Number of protein chains: 2
Amino acid sequence: MDIVEINKVLSNQIRIDILNWLKKPEDNFPKQIYVPDFSDGVCVCHIQDKSGLSQSTVSHYLNMMQKVDLLIATRHGKWTYYRRNESEILKYIQTLSNEL
Amino acid sequence: MDIVEINKVLSNQIRIDILNWLKKPEDNFPKQIYVPDFSDGVCVCHIQDKSGLSQSTVSHYLNMMQKVDLLIATRHGKWTYYRRNESEILKYIQTLSNEL
DNA sequence: ATTACATATCGAGATATATAGATATGTTTT
DNA sequence: AAAACATATCTATATATCTCGATATGTAAT
């Protein structure tokens, strides 16, 4: 749990937005086609559409969010799905509460 | 309360350290000479000594921490004292808890 | 096997941050 | 008023981040 690294990741509004959108995928993204529900998260293409950023930028953002364990990635076929890592997010907030 | 701006400020270990040192000034800094206690905080020169950074860098860091309301500055004579803004720090953590 | 597609990675230019030394400002002491 | 001192601001260079288009990789469909 590297607080400084996580804070860098969270120093960007779009990345915070992504974390928020993934709280309620049903409310923020269209139904997915090749998986029955959002239990593994949302595919990159939908997040890209919603963010308005380029494919490479979104992929990069999601990767950095995964590297600090804010997100979990799962691959199904040619799609990669990202979802929140709730326990790490909670741990981050608790660590902040203690260490700030 | 601009979460992104605060996160930028907290994306640096020394700045987090400063926030921590100011939790217990008695434990982290030498006695001050021209004020009776730490109730207005710690003067820039002591924070500079402890951090090992240049005077201009420390002044810049403290200023940016004050701009986002993490710190409060008070001037006494030629010294400027900085202390934690506890209510804003708490508000920041609460906001994060809600918005992440 | 080839094509099509989703995502990841690479390379690059623009912008922001880090950090220092030099200088300016404001205060106190002489 | 001059000197000394603490802090703030300015200027500059090095490094990091942002963001994109181009390319590579992996998977699925034909």
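Check the entry above for the structure.
Note that the coordinates shown come from a computational prediction; the quantities given were computed from them, not determined experimentally.

Moving on, we come to the protein's contact with DNA strand D. By nearness alone, 21 residues border DNA strand D, and Thr57, His60 and Tyr61 of chain A together with Cys45 and Gln55 of chain B come closest of all. What you see for DNA strand D is that sugar and phosphate hold 65% of its atoms within 4 Å of the protein. The separation between a phosphate oxygen of DNA strand D and a polar main-chain atom of cysteine 45 of chain B is 2.9 Å. Within the side chain of threonine 80 of chain B, a nitrogen or oxygen atom sits 3.0 Å from a sugar or linking oxygen of DNA strand D. Contributions of two or more residues to the surface near DNA strand D are made by α5 (55–67) of chain A together with α4 (44–51), α5 (55–67) and β3 (79–84) of chain B. Of all the elements, α5 of chain A adds the most residues to the surface near DNA strand D, at four residues. Taken together, the residues that form the surface near DNA strand D break down as seven nonpolar, ten polar and four charged.

Turning to the packing of aromatic side chains, a few remarks are in order. This model, assessed by the stated rule, comprises four aromatic pairs over all chains. Measuring from ring centre to ring centre gives 6.3 Å for tryptophan 21 of chain A and phenylalanine 29 of chain A, while their planes differ by 80°; the resulting arrangement is edge-to-face. Tryptophan 21 of chain A sits in the buried class, given a relative accessible area of 14%. Residue classification places phenylalanine 29 of chain A among the buried residues on the basis of a relative accessible area of 6%. The ring of tyrosine 61 of chain B carries the charged tip of arginine 15 of chain B above its face, separated from the ring centre by 4.6 Å. Over the ring of tryptophan 21 of chain B we find lysine 50 of chain B, and its NZ or CZ is 5.5 Å from the ring centre.

Residue and element names in this part refer to chain B. Spatially, three strands are ordered β1-β3-β2 in an open sheet, and the strand pairing comes out antiparallel. What marks the edges here is a single partner per strand, and that holds for β1 (42–43) and β2 (71–76). On the sheet, α5 packs against β2 and β3 and is oriented at approximately 120° with respect to β2.

What follows deals with the pairing of β3 of chain B. All names here are of chain B. Judged from the two bridges that link them, β1 and β3 form a sheet pairing that is antiparallel. Following the sheet pairing, cysteine 43 is matched in β3 by tyrosine 81. Across six bridges, the pairing between β2 and β3 is antiparallel. The residue of β3 that forms the bridge with threonine 74 is tyrosine 81. As consecutive antiparallel partners, β2 and β3 are separated by two residues, and within that stretch glycine 77 has a phi angle of approximately 60°, a positive value.

Time to look at the interface of chain A and chain B. Interface extent is often summarised as the accessible area lost during association of the parts. On the chain B side, the residues contacting the 21 residues of chain A number 21 residues. Across the interface of chain A and chain B, roughly 1,600 Å² is buried in total on both sides, 65% from carbon and sulfur atoms. Linking chain A with chain B are zero salt bridges. When the residues that make up the side of chain A that touches chain B are grouped by side-chain class, the tally is ten nonpolar, seven polar and four charged.

With that out of the way, let us pick up the environment of glycine 77 of chain B. Residues and elements named next belong to chain B. By the secondary structure assignment, glycine 77 is in the loop between β2 and β3. We classify glycine 77 as exposed; its relative accessible area is 61%. Taking C-alpha positions, glycine 77 is 30 Å from leucine 10, a pair spaced 67 residues apart along the chain.

Analysis parameters
Residues numbered from 1 in each chain as written. Chains lettered and ligands numbered in written order. Predicted model: local features only at pLDDT ≥ 70, side-chain atom pairs only at ≥ 80, totals over all residues. Heavy atoms only, no water. Near = heavy atom within 4 Å. Polar contact = N/O pair within 3.5 Å; in protein donor to acceptor, adjacent residues only side chain to side chain. Helix = DSSP H or I, 4+ residues; strand = E, 2+ residues; numbered from the N terminus. Nonpolar A, V, L, I, M, F, W, Y, C, P; charged D, E, K, R; others polar. Phe/Tyr/Trp six-rings, centres within 6.5 Å; stacked < 30°, edge-to-face > 60°. Buried < 20%, exposed > 50% of the residue type's maximum accessible area, 1.4 Å probe, protein only. Lys NZ or Arg CZ within 6 Å of the ring centre and 35° of its normal. Pairing = 2+ DSSP bridges. Contact = heavy atoms within 4.5 Å. Axes fitted to C-alpha atoms, helices over the stretch in contact; angles between N-to-C directions. Buried area = accessible area lost by both parts, 1.4 Å probe. Salt bridge = Lys/Arg side-chain N within 4 Å of Asp/Glu carboxyl O.

As far as function goes, none of this settles anything; it's purely spatial.
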